[in-house]
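Each chain, written out:
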Amino acid sequence: NVKIARNRITSIVGNVLTEANQIDIMEVQEFAKAGEFAQSSELIEVLTNGGELTLTENMFLSEPTTLRGNAVIKLNGQSITYIASNEGDKHGVMTRVESGSSLTFEGDGAVNSTGTVAIVNDGAEVHIHGGNYFTEDATLFRSNGGNIYIYDGVFEASEHEGGYHNTLSHSANNSNGGCIEVSG
């Protein structure tokens, strides 16, 4: 079963095109109104205070988080979907990674967002070891003086106002530098 929300990102992962499949689309009451869905308190906790989380089901967020700690999220073939709740800021930021903190994504799975997945501030780091990352916005990950290390993964940003795309972005306004390093 695939849960969908009206006018929102829905991901179907698997051998959809290479094997005979039937996909039934139905409205589920918890998604009847856009933006109303169950959020994961475990995911919010890890994206706020740090810790380790292995996904065992798809998880949803509608409110941004600020990470002050070290977080490891093992995607484990599941997905995280962030849909900003504030319609005036639908391209909001899922997680701001603060100084001294780190966010690591590991394994197969997906992170889908209506906005930026993470802004990495001075003295903070993001490590990406696999997964698929998609945003309706122009930027998936932005270095704001912090460091982003990408070892593996698939990244896609869709069209945004003005039609520009910069899937990874480094803010030149920060005197401390920071970097985006892609290897593998």
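It should be noted that the structure appears before, not after, this text.
Residues numbered from 1 in each chain as written. Predicted model: local features only at pLDDT ≥ 70, side-chain atom pairs only at ≥ 80, totals over all residues. Heavy atoms only, no water.

## Structural notes on the pattern of salt bridges
This model, assessed by the stated rule, comprises one salt bridge. Linking Glu-52 and Lys-74 is a salt bridge whose minimum nitrogen-to-oxygen distance equals 3.3 Å. Of the two residues, Glu-52 is situated in strand 1 (residues 51-54) and Lys-74 in strand 4 (residues 70-74); the sequence distance between them amounts to 22 residues. Glu-52 gets classed as exposed once you look at its relative accessible area, which sits at 53%. (Salt bridge = Lys/Arg side-chain N within 4 Å of Asp/Glu carboxyl O. Helix = DSSP H or I, 4+ residues; strand = E, 2+ residues; numbered from the N terminus. Buried < 20%, exposed > 50% of the residue type's maximum accessible area, 1.4 Å probe, protein only.)

## Section: the side chain of His-127
By secondary structure assignment, the location of His-127 is in strand 10 (residues 125-135). Exposure remark for His-127: the relative accessible area of 16% places this residue in the buried category. A polar side-chain atom of His-127 sits 3.3 Å from a polar atom in the side chain of Tyr-151. Not counting residues up to four positions away in its chain, the partners in contact with His-127 are Leu-103, Thr-104, Phe-105, Tyr-149 and Tyr-151. (Polar contact = N/O pair within 3.5 Å; in protein donor to acceptor, adjacent residues only side chain to side chain. Contact = heavy atoms within 4.5 Å.)

## Remarks on the pairing of strand 9 (residues 116-121)
With respect to burial, strand 9 is a largely interior element, six of its six residues being buried. Summarising the sheet, strand 6 (residues 93-97) and strand 9 pair through four bridges and their orientation is parallel. The partner of Val-93 across the bridge, within strand 9, is Thr-116. With four bridges connecting them, strand 9 and strand 11 (residues 141-144) associate as parallel partners. Directly across from Asn-121, in strand 11, lies its bridge partner Asn-144. (Pairing = 2+ DSSP bridges.)

## Notes on the packing of aromatic side chains
Evaluation of the coordinates by the stated rule reveals four aromatic pairs. Geometrically, the ring pair formed by Tyr-133 and Phe-155 is stacked, given 5.1 Å between the ring centres and 10 degrees between the ring planes. Residue Tyr-133 is found in strand 10, and its partner Phe-155 is found in strand 12 (residues 147-157); the two are separated by 22 residues along the sequence. Exposure remark for Phe-155: the relative accessible area of 23% places this residue in the partly exposed category. (Phe/Tyr/Trp six-rings, centres within 6.5 Å; stacked < 30°, edge-to-face > 60°.)

Scope: geometric values only; no functional claims are made or implied.
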